[in-house]
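Here is what each chain is made of, one letter per residue.
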Amino acid sequence: MTSTGVTDEAEDSGPGGYAAARLRLLTEGARSGPPRRRALAELTDGWLAGLFGAATEEHTGISLVAVGGYGRGELSPRSDLDLLLLHDGRDDKAVAALADRLWYPVWDLGIDLDHSVRTPQQARKTAAQDLKVHLGLLDARHLAGDLGLTASLRTAVLADWRNQAPKRLPELRDLCAERAERQGELQFLLEPDLKEARGGLRDATVLRAVAASWLADAPREGLAEARRRLLDVRDALHLATGRATDRLALQEQDQVAAELGLLDADALLRQVYEAARVISYAGDVTWREVGRVLRSRSVRPRLRAMMNGRNGGKPVAERSPLAEGVVEQDGEAVLARTARPERDPVLPLRAAAAAAQAGLPLSRHAVRRLATTARPLPTPWPAEAREQLVTLLGSGRPTVQVWEALEAEGLVTRLLPDWERVRCRPQRNAVHLWTVDRHLIETAVRAAGFTRRVHRPDLLLIAALLHDIGKGWPGDHSVAGETIARDVAARIGFDGADTAVLATLVRHHLLLVETATRRDLDDPATVRAVAQAVGTEHTLELLHALTEADALATGPAAWSSWRGSLVADLVKRVSGVLAGEPQPEAETAAPTAEQERLAVEAFRTGGPVLALRAQTEPPADSAPAPSSPSFPSPLSSPSSPSSADGPEPLGVELLIAVPDQAGVLPAVAGVLAMHRLTVRTAELRSVPLPDGVEGSVLLLDWRVAAQYGSLPQAARLRADLVRALDGTLDIAARLAERDAAHPRRRGVEPPPPRVTVAPAASRLATVIEVRAQDAPGLLFRLGRALEAAGVQVRSAHVSTLGANAVDAFYVTRGEGTPLPGDEAASVARGLEESLRT
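Residues numbered from 1 in each chain as written. Predicted model: local features only at pLDDT ≥ 70, side-chain atom pairs only at ≥ 80, totals over all residues. Heavy atoms only, no water.

1. Let's talk about the overall build of the protein
To keep it simple, the criterion reads: By definition, any uninterrupted DSSP run of H or I lasting at least four residues is a helix, any uninterrupted run of E lasting at least two residues is a strand, and each is numbered from the N terminus. Each residue gets one of three labels from its accessible area relative to the maximum for its type: buried under 20%, exposed over 50%, partly exposed in between, using a 1.4 Å probe on protein chains only. Should any heavy atoms of two residues lie within 4.5 Å, those residues are considered in contact. The protein chains shown are the only cover counted for residues, whose accessible areas, like all others here, come from Shrake-Rupley with a 1.4 Å probe.
What the protein contains, in helices and strands, is 32 helices and 15 strands. Among the 837 residues that make up the protein, the fraction classed as buried is 52%. Contacts in the protein between residues at least 24 apart in sequence constitute 72% of all its contacts with a sequence separation of at least 6. Accessible surface, the protein: about 38,100 Å² in total, of which carbon and sulfur atoms supply 50%.

2. Some words on the environment of Thr 338
Locating Thr 338 in the fold gives a position in the loop between β7 (332–335) and α14 (347–358). Judged by its relative accessible area of 66%, Thr 338 falls in the exposed class. Sequence separation between Thr 338 and Val 326 is 12 residues, and the spatial gap between their C-alpha atoms is 9.2 Å.

3. Some thoughts on helix α32 (residues 821–836)
The test is simple: Expected span, for any helix, means 1.5 Å times one less than how many residues it has. Think of the arc as the fan of directions from the helix axis to the C-beta atoms.
Between the first and last C-alpha of α32 there are 23 Å, a value that for 16 residues agrees with the 22 Å anticipated at 1.5 Å per step. Of the residues making up α32, those classed as buried are Ala 824, Val 827, Ala 828, Leu 831, Glu 832 and Leu 835. For α32, the angular spread of buried residues about the axis comes to 135 degrees, placing them on one side. Every exposed residue of α32 that faces more than 90 degrees away from the buried side is listed here: Asp 822, Arg 829 and Glu 833. Where α32 is buried, its residues touch β12 (754–758), β13 (766–773) and α31 (778–789).

4. Considerations on the sheet that holds strand β4 (residues 141–145)
The line we're drawing: At least two bridges found by DSSP between two strands are what make those strands a pair. For helices, the fitted axis covers only the stretch in contact; all axes are lines through C-alpha atoms, and the angles between them, taken along N-to-C directions, range from 0 to 180 degrees.
If you trace the four strands from one edge of the open sheet to the other, you get β3-β2-β1-β4, paired in mixed fashion. Edge strands, defined here as strands with exactly one partner in the open sheet, are β3 (113–118) and β4. On average, each strand axis in the sheet is tilted by 25 degrees relative to the strand beside it, whichever way the strands run. Pairing of strand β1 (residues 62–66) with strand β2 (residues 81–87) involves five bridges; the strand directions are antiparallel. Note that in β2 the partner of Val 65 across the bridge is Leu 84. Sheet contacts for helix α5 (residues 120–129): β2 and β3; angle to β3, the most-contacted strand, approximately 120 degrees. Most of the contacts of helix α7 (residues 147–163) go to β2, to which it runs at about 105 degrees, and overall it touches β1, β2 and β4.

5. Looking at empty space enclosed by the protein
So the rule is basically this: Site definitions follow a grid-based scheme: protein atoms alone, a 1 Å grid, a 1.4 Å probe that fits but cannot get out for cavities, and for pockets an open set with protein on both sides within 12 Å along at least five of seven lines, plus lining residues having an atom within 4 Å of a point. Grid points are joined across faces, edges and corners, and a volume is the space filled by probe spheres set on the points. Amino acids outside the nonpolar list (Ala, Val, Leu, Ile, Met, Phe, Trp, Tyr, Cys, Pro) and the charged list (Asp, Glu, Lys, Arg) are all regarded as polar, and Gly is one of them.
Tallied over the full model, the rule gives two cavities of 30 Å³ or more. Quantified by volume, the largest cavity comes out at close to 80 Å³. Around the largest cavity sit Gln 187, Phe 188, Arg 277, Val 400, Trp 403, Glu 404, Glu 407, Asp 437, Arg 438 and Ile 441, which together line it. When contributions to the lining of the largest cavity are tallied by element, the ones reaching two or more residues are α17 (398–408) and α19 (436–448). A total of four residues in the lining of the largest cavity trace back to one element, the largest contributor, which is α17. Among the residues forming the lining of the largest cavity, the class breakdown is four nonpolar, one polar and five charged. As a volume, the second largest cavity reaches approximately 40 Å³. Contributing to the lining of the second largest cavity are Leu 610, Leu 654, Ile 656, Val 668, Val 671, Leu 672, Leu 717 and Leu 721. Those elements that provide at least two residues to the lining of the second largest cavity are β9 (649–659), α28 (664–674) and α29 (714–726). Broken down by element, the residue count for the lining of the second largest cavity peaks at three residues, all from α28. Broken down by class, the residue content of the lining of the second largest cavity amounts to eight nonpolar, no polar and no charged.

6. What to know about the pairing of strand β5 (residues 319–323)
Across four bridges, β5 lies against strand β6 (residues 326–329) in antiparallel orientation. Residue pairing in the sheet places Ala 323 in a bridge with Val 326 of β6. Taken together, β5 and the strand that follows it, β6, pair antiparallel across an intervening segment of two residues, in which Gly 325 is found at a positive phi of about 85 degrees.

7. Some remarks on the nonpolar core
Selection criterion: By nonpolar core is meant a set of buried Ala, Val, Leu, Ile, Met, Phe, Trp, Tyr and Cys residues that side-chain atoms within 4.5 Å join together.
Core analysis: the biggest nonpolar cluster contains 91 residues, and Leu 362, Trp 381, Trp 403, Leu 416, Trp 419 and Ile 462 have the highest contact counts within it. With residues up to four places along the chain from it excluded, the contact list for Trp 403 reads Leu 389, Leu 392, Leu 393, Val 412, Leu 416, Trp 419, Ile 441 and Leu 465. Core analysis: the second largest hydrophobic core is formed by 54 residues, Leu 698, Trp 702, Val 791 and Val 793 among them.

8. Things to note about the confidence of the model for the protein
Applied cut-off: Confidence scores labelled pLDDT are given residue by residue by the predictor and lie between 0 and 100.
Across the protein, the average pLDDT comes to 86, with 88% of residues at or above 70. Put simply, helix α13 (residues 301–309) is where the protein has its lowest mean pLDDT, 54, and helix α22 (residues 496–507) is where it has its highest, 98. Counting interchain partners and residues more than four positions distant, the pLDDT-below-50 stretch residues 1–7 has 13 contacts.

9. Details of the environment of Pro 753
The residue Pro 753 is located in the loop between α30 (731–741) and β12 in this model. When sequence neighbours within four positions are dropped, the list of residues in contact with Pro 753 reads Arg 771, Ala 772, Glu 832, Leu 835 and Arg 836.

10. Topic: the sheet that holds β5
Strand order across the open sheet formed by three strands is β5-β6-β7, with antiparallel pairing between neighbours. Here the strands that pair on one side only, and so sit at the sheet edges, are β5 and β7. Taken over all neighbouring pairs, the strand axes of this sheet differ in orientation by 40 degrees on average, direction set aside. In terms of strand pairing, β6 meets β7 through four bridges, oriented antiparallel.

11. Section: the packing of aromatic side chains
Note the cut-off: Working definition: a ring pair exists when centres of Phe, Tyr or Trp rings (six-membered ring for Trp) sit within 6.5 Å. Plane angles under 30 degrees give stacked, over 60 give edge-to-face, the rest tilted. Comment: the charge-over-ring label is applied if NZ (Lys) or CZ (Arg) is within 6 Å of the ring centre and within 35 degrees of the ring normal.
With the rule as written, the count across this model stands at four aromatic pairs. Plain terms: the ring middles of Tyr 18 and Trp 47 are 4.2 Å apart, the flat faces sit at 5 degrees to each other, and that makes the pair stacked. In this pair, Tyr 18 is assigned in helix α1 (residues 3–27) and Trp 47 in helix α2 (residues 33–55), connecting sequence segments 29 residues apart. Residues Tyr 18 and Trp 47 agree in their burial class; the two are buried. One residue, Arg 141, lies across the ring of Tyr 70, its end atom 5.3 Å from the ring centre.

Written out as structure tokens, the structure is:
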């Protein structure tokens, strides 16, 4: 049925006919996108016009007007109706009665309605007071009644908008910035708001309003298509959920993707991100143009007249040179009049580097000209091109907006074809704030701050740009990235030695942080393995800086003083190996005097003894902390937190001495979970008592941090630990009660846990790695499973990134030797089964 036929049916059949025709339209598989939105608007127009005609015989002095999205003729399946009943100031009772006869049928069908009843003067007054109302009226469209009344309002509202633009546009820009701060950027969010986030449908509407002011116009290339894509996604979201929602939640993305005929949720997000990037860039360009126009209007009239008189009536634009072929003009980097992109293949990179170094945006017109006329670079690149790329990447924060300008016109993928696979690629990990491509640029921005601490800043910056380039390919992205990095490095002109270093940095960019947080650094095998992978001290230096830049660019959960201290400790040890310094053989360190005292106290009392001490990062110029720190008294409270100007806290060291017995690990882990303490590392060993005293004491050295608030008192921890060890405290039940009282939000189903045996990770113990969804009491459950398996835990290294826990346990047999292969595999299977139940 044609849209006209559907409209006729709705008019003839009243609300019931409209509802049936609407349902049929929304379930037609052959019609979607703009045709369906137009048909739905036409159907609704006809129905409302019929309601208006049935409710009044008046055709002058009163009209029904669609505003906002409905005024633009864009109705998604669950869109509300924005309606204005416009009248000439006639009897209020008659107008109110007409409004009731219009609004109630809409409500009866369960359709959301945003309505108002006003005279043209009232509408203009409200628009002057409320910017959002004014924006909605710019899209006013006549539905029924007095066409002249509607047309006069449209003309007046548009004239008001243009006359008030110098005042209203800055207000609108501030409103957009506030909304972006609140909602985030659509092109990076895993659960974006398609309308309100920056780069969403609201911003696309704002660009239409700016264009209507005649003060500035948005770049039109790709803008209509980007807006259409977002509207199509919102339509599919409404149909999938049956709700009027703009939030693209994780659990609904696969269904929305299927509705649109896309492969999967990642393909959906990539389309959304690409559309948002077009709208965001158009907004940046438009608001810069608005700023320039408003600044030019603020110049004193006399001065403006003098400037115009000197140039034949045309304004004089001051131009300052930035680089060969590049000048600054009116707050932007533009091409010089003498620039010849068709003869200068390095000009795109030179212009980008000059703009970033000057902290200026790169003019859209310059980028477009470069994209359409610049010659491609030869392979390998000339030295100047490589140097300009390094300069661009080393410019810090201004690099981002310049890179976005290059991307908007396709220059990045022309320079680096492998970039296409990571462009707008989502990262389904809550730890990551950015898409893959933006993360790479953010890493370069962070690395720019570390260029003074490495001997080859150029290699650091290029490695930062390429370290995750393999995420566009199947398999281990570090392995794939190594191959791509070799190809890119050769193409842009690095020699064989530098290419090998870049390949090593990309291949092992996760090595330091993963080793530092998941392996025993006192085990010589750990340090030797890293030294063998890195190869040289210079490469280690670069890898250390890249590791920190990568983590900082990932998000706040990926880096902390604690992680930084572990990585620094590992780097120091590896540097010693690479320098040929003798390494200590693996042996258990003798207990300190304090540890012996705690052990004797635990043996004497027959129960656990605890000591807590805050750990802080020493100042850069201070001496290293002693290897055997002293502890406060056994039942003391932790030391007071440092002042705002003092060292940053790394967590708290918790030392527990308890007579050797079964069940200590799960008991301690469970008590810590009950008190909402996050465990970062845990070392366990049996300490012999002094001569003349028979027996042994188990010593547990833990690093913990409070999830919320301050740390509990040591006395409370000890009391609960005593009860846990004697069986009077049911930890599992207590944790289950807490989980039941605070159920988790419904979300995507996490992947199943995976437990593996790390081959050749240590000669002293078997290393079992656990990867699972982080949850309170996870370490308690693992401890119970390990106890049930009959193995001894020598140490545990706990690492949590967002919702993912990656824990490594160094386990041995009862006599202290590593587990045979079959037994280790059996323990790993048992752990995995315990986590799946």
